[in-house]
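Fold and geometry: a report
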Amino acid sequence: RDYIQSSNLFKEFIYIDEVDSTNTYVKQNQQHFKNATVVYAERQTQGRGRLSRRWVDLEKGIKMSILLKLLLLDLEKIIPLTLFTGLVINRVLRKYGVNSFIKWSNDIYLNGKKICGILSELSGEVEGLGSIIIGIGINVNAKSVPEDIKDIATTLKAETSQDFDRTRLIIDILIEFERDLSNFDKYGFSYFRDEYKSFCINLGKEILINGERMLCRDIGENGELVCEKDGKIIEISSGEVTIRF
Ligand code: BT5
């Protein structure tokens, strides 16, 4: 409550015990919500990843969505904004002493497994009247993950043997997000590019993109992945691909 009072951006915080998906909920009800409303759910029954993939619901985690009505942002910034959000979460986790990394474009990894995913969605047709919904899922205090994702996913608790204060974690993420949003708005992703690159685990590594093996060379000015294949440089913007190591 103190935080909400002190924030100039995040003034509305909605807590729901159980919902299908916080992103879907925000999308369906956004006309009633102010800019920068945060919706948090203790449980999601239909948590979504990108491309209709499923986001497995873990107990004692963070599942929330931030609604940004496009007062400051234009539509082209949605991809860089998602990268910015991942960077902010990685920054906060590192402040807590967690040795996390970013997997392009917007996954957070710890000890080689995913602990956080972000799903940004555009809503509204007309440029300038739309909104961006940034959905954040973080595996926090569950002791373990279900069998079907245990090779690729983990939780903060499983990796560090510590319990994290989820309220504190959310607040720290929102503070950090708010603090740098104006820089993001003024300068775009390039302002954060060096920090992003220093924690990005893809650089210098080979990846498969749509079945093609490529070498990740760089992160571009707008957050695109710059790859090399047969001496040719290929730029990939995040919406379009699925990466497999
Ligand atoms: C994401 O998609 O990583 C975006 C996840 C966003 C979840 C949040 S929770 C709040 C908000 N409301 C929603 O409904 N969604 C957002 P993607 O990059 O497509 O990754 C999905 C893949 O991650 C799945 O196919 C699994 O392989 C893996 N996965 C599923 N659940 C996971 C979990 N809890 N932890 C780690 N990996 C998981």
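The structure under discussion appears in the preceding block.
The sections below set out a description of the structure shown in this document. Given the structure is predicted, the values throughout are model-derived calculations rather than measurements.

**Description of the environment of F199**
Locating F199 in the fold gives a position in helix 6 (residues 193–199). When the C-alpha atoms of F199 and W104 are compared, they prove to be 9.9 Å apart, with 95 residues separating the residues in sequence. The residues contacting F199, other than those within four sequence positions of it, are N90, R94, S100, F101 and I102.

**Thoughts on unusual backbone geometry**
Geometrically, the link from W104 to S105 is a cis peptide bond, its omega value of 5° lying close to zero. Along the chain, S105 falls in the loop between strand 4 (100–103) and strand 5 (107–110). At K60, a residue that is not glycine, the phi angle is positive and equals roughly 55°. Turning to its location among the elements, K60 is positioned in the loop between strand 2 (38–44) and strand 3 (62–69). On the basis of relative accessible area, K60 is assigned to the partly exposed category, the value being 37%.

**Points about the packing of aromatic side chains**
The final tally for this structure, using the stated rule, is 11 aromatic pairs. When the centroid spacing of 5.2 Å and the interplanar angle of 10° are considered together, the rings of Y187 and Y191 count as stacked. Connected via pairs of aromatic rings, a cluster forms that spans F10, F84, F177, F184, Y187, Y191 and F192. Just above the ring of F101 sits the side chain of R94; from NZ or CZ to the centre is 4.9 Å.

**Things to note about the state of the cysteines**
What we call a disulfide is simply a covalent bond connecting the sulfur atoms of a pair of cysteines. Throughout the structure, instances matching the rule amount to zero disulfides. Considering cysteine sulfurs only, C216 is the nearest to C200, which forms no disulfide, with 7.3 Å between them. Here C216 stays free of any disulfide, with the sulfur of C227 as its closest cysteine sulfur at 4.2 Å.

**Re helix 3 (residues 78–95)**
Relative to the 26 Å expected for 18 residues at 1.5 Å per residue, helix 3 spans 26 Å between its end C-alpha atoms, a close match to the ideal helical length. Along helix 3, 15 of the 18 residues are buried, which leaves the element largely enclosed by surrounding structure. Within two residues after helix 3, G97 carries a phi angle of roughly 90°, on the positive side.

Conventions and cut-offs
Residues numbered from 1 in each chain as written. Predicted model: local features only at pLDDT ≥ 70, side-chain atom pairs only at ≥ 80, totals over all residues. Heavy atoms only, no water. Helix = DSSP H or I, 4+ residues; strand = E, 2+ residues; numbered from the N terminus. Contact = heavy atoms within 4.5 Å. Buried < 20%, exposed > 50% of the residue type's maximum accessible area, 1.4 Å probe, protein only. Phe/Tyr/Trp six-rings, centres within 6.5 Å; stacked < 30°, edge-to-face > 60°. Lys NZ or Arg CZ within 6 Å of the ring centre and 35° of its normal. Disulfide = S-S within 2.5 Å. Expected span 1.5 Å × (residues − 1).

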